[in-house]
Amino acid sequence: MNYHAVTIESLPEAFAMMKKMRSEGLEWGDGYRPLGRQAIAQIIENRMAEAVDAHLERMAELEVADRRNGCYSRHLLTELGDIELSVPRTRSFNPKAIIRAYARRAGEVDRMILACFVLGLSTRKVAEALLPVLGRPVSASTVSTVAKTLDAAVDAFHRRPLANRYQALMLDGVVLSRKTGAGAIKRPVLVALGIRPDGRKEIIDYRLAASESAAEWERFLTGLLKRGLTGDGLDMVCVDGGKGLLAALPVVLPVLPVRRLAL
């Protein structure tokens, strides 16, 4: 295989990778956008609920009468699309300042949501990436809650239905270097790219694997097939010379022509 070693440890590195992807015409497509909107909505709504709870606790301590007064809907138009929020309130308090804080940084935060996909969702990196949404340094438990929200979004990205809207499929393995307490560990990531009729390249899915064996590629490709990527409309599958991938393709996508490239 034509291996590429990549280590991503910070937001600047993640942003640099995304910028390079865009310059090369490589997109994430629309798959992550609804998931990103859901994650943002849940994070902001949780922050507003916390603000209302804190307000009511302060009022109780001051012996000032106040109580919850339902919710109302609020829409935010962002780079990820329209986000509908359920805004809680009390008789005397409305946490809309949290929405205003997000709106002032909408583009930046939208990029950071995508960066969390690239960064691998470690607690420290999520805290760094989402500080504009959270508005302040936060406890480990709060960051853990946010990380779980985004983790669920990433998991949904890997399970989302796929469509046959590509003219060609590009398959490759990329080696990522990952730092652990025992030192750096290199693991291959199996990547599927689709070339759309307009010529744009789009990330369909990726999977951290133990190796680039035929069994690992067959597991990855079978998952894409079950989710709807059956190969209908594909002109070809472009690969390099990896033996595991070449062995798996006739098993999963036997009728498609394969073209070997130096990717």
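Bear in mind the structure is a predicted one, so any value in this text is a computation, not a measurement.

**As for the pattern of salt bridges**
Item 1. Per the stated rule, a full pass over the model turns up 9 salt bridges.
Item 2. Between Asp155 and Arg159 there is a salt bridge, and its shortest N-O distance comes to 2.8 Å. Here Asp155 pairs with Arg159, and both are found in helix α7 (residues 140-159), just 4 residues apart, close to one helical turn.
Item 3. With a closest N to O distance of 2.6 Å, Arg207 and Glu216 form a salt bridge.
Item 4. One salt-bridge network, held together by shared partners, links Arg165, Arg196, Asp198 and Glu202.

**A few points about the packing of aromatic side chains**
Item 1. As enumerated under the stated definition, the model contains 2 aromatic pairs in all.
Item 2. Measuring from ring centre to ring centre gives 6.3 Å for Phe157 and Tyr206, while their planes differ by 35°; the resulting arrangement is tilted. Highlighted residues: Phe157 in helix α7 and Tyr206 in strand β7 (residues 201-208), separated in sequence by 49 residues.
Item 3. The lysine or arginine in question, Arg160, covers the ring of Phe157, its NZ or CZ lying 4.1 Å from the ring centre.

**Notes on the nonpolar core**
Item 1. Core analysis: the largest hydrophobic core is formed by 22 residues, its most contacted members being Leu169, Leu171, Trp217, Leu221 and Leu249.
Item 2. Counting only elements with at least two residues in this core, the list comes to β5 (168-180), β6 (183-195), α8 (214-226), β8 (236-239) and α9 (243-252).

**Things to note about the side chain of Arg160**
Item 1. You can see Arg160 is positioned in the loop between α7 and β5.
Item 2. Although buried, Arg160 forms no salt bridge, and the nearest oppositely charged side chain, Asp205, lies 4.8 Å from it.
Item 3. Within the structure, Arg160 has its side chain in polar contact with the backbone oxygen of Ile204 (distance 2.8 Å).

**A short note on the packing of α8 against α9**
Item 1. Packing of α8 against α9 brings their axes to within 8 Å, and their N-to-C directions diverge by 40°. Accordingly, the angle class assigned to the pair α8 and α9 is oblique. Viewed along their axes, α8 and α9 form a crossing whose handedness is right-handed. Residues Ala214, Trp217, Glu218, Leu221, Thr222 and Leu225 of α8 touch α9, and the partners they reach there are Gly244, Leu245, Ala247, Ala248, Leu249, Val251 and Val252.
Item 2. Residues belonging to the contact of α8 with α9 are distributed by class as follows: 10 nonpolar, 2 polar and 1 charged.

**Digging into unusual backbone geometry**
Item 1. Within the chain, Glu63 stands out as a residue other than glycine whose phi angle is a positive 60°.
Item 2. Assignment of secondary structure puts Glu63 in the loop between α2 (32-62) and β3 (68-78).
Item 3. On the basis of relative accessible area, Glu63 is assigned to the exposed category, the value being 75%.

Procedures and definitions
Residues numbered from 1 in each chain as written. Predicted model: local features only at pLDDT ≥ 70, side-chain atom pairs only at ≥ 80, totals over all residues. Heavy atoms only, no water. Salt bridge = Lys/Arg side-chain N within 4 Å of Asp/Glu carboxyl O. Helix = DSSP H or I, 4+ residues; strand = E, 2+ residues; numbered from the N terminus. Phe/Tyr/Trp six-rings, centres within 6.5 Å; stacked < 30°, edge-to-face > 60°. Lys NZ or Arg CZ within 6 Å of the ring centre and 35° of its normal. Core = buried A, V, L, I, M, F, W, Y, C linked by side-chain atoms within 4.5 Å. Buried < 20%, exposed > 50% of the residue type's maximum accessible area, 1.4 Å probe, protein only. Lys, Arg positive; Asp, Glu negative; His and termini not counted. Polar contact = N/O pair within 3.5 Å; in protein donor to acceptor, adjacent residues only side chain to side chain. Axes fitted to C-alpha atoms, helices over the stretch in contact; angles between N-to-C directions. Parallel < 35°, antiparallel > 145°, perpendicular 65-115°, else oblique. Left-handed = near helix turned anticlockwise from the far one by under 90°. Contact = heavy atoms within 4.5 Å. Nonpolar A, V, L, I, M, F, W, Y, C, P; charged D, E, K, R; others polar.

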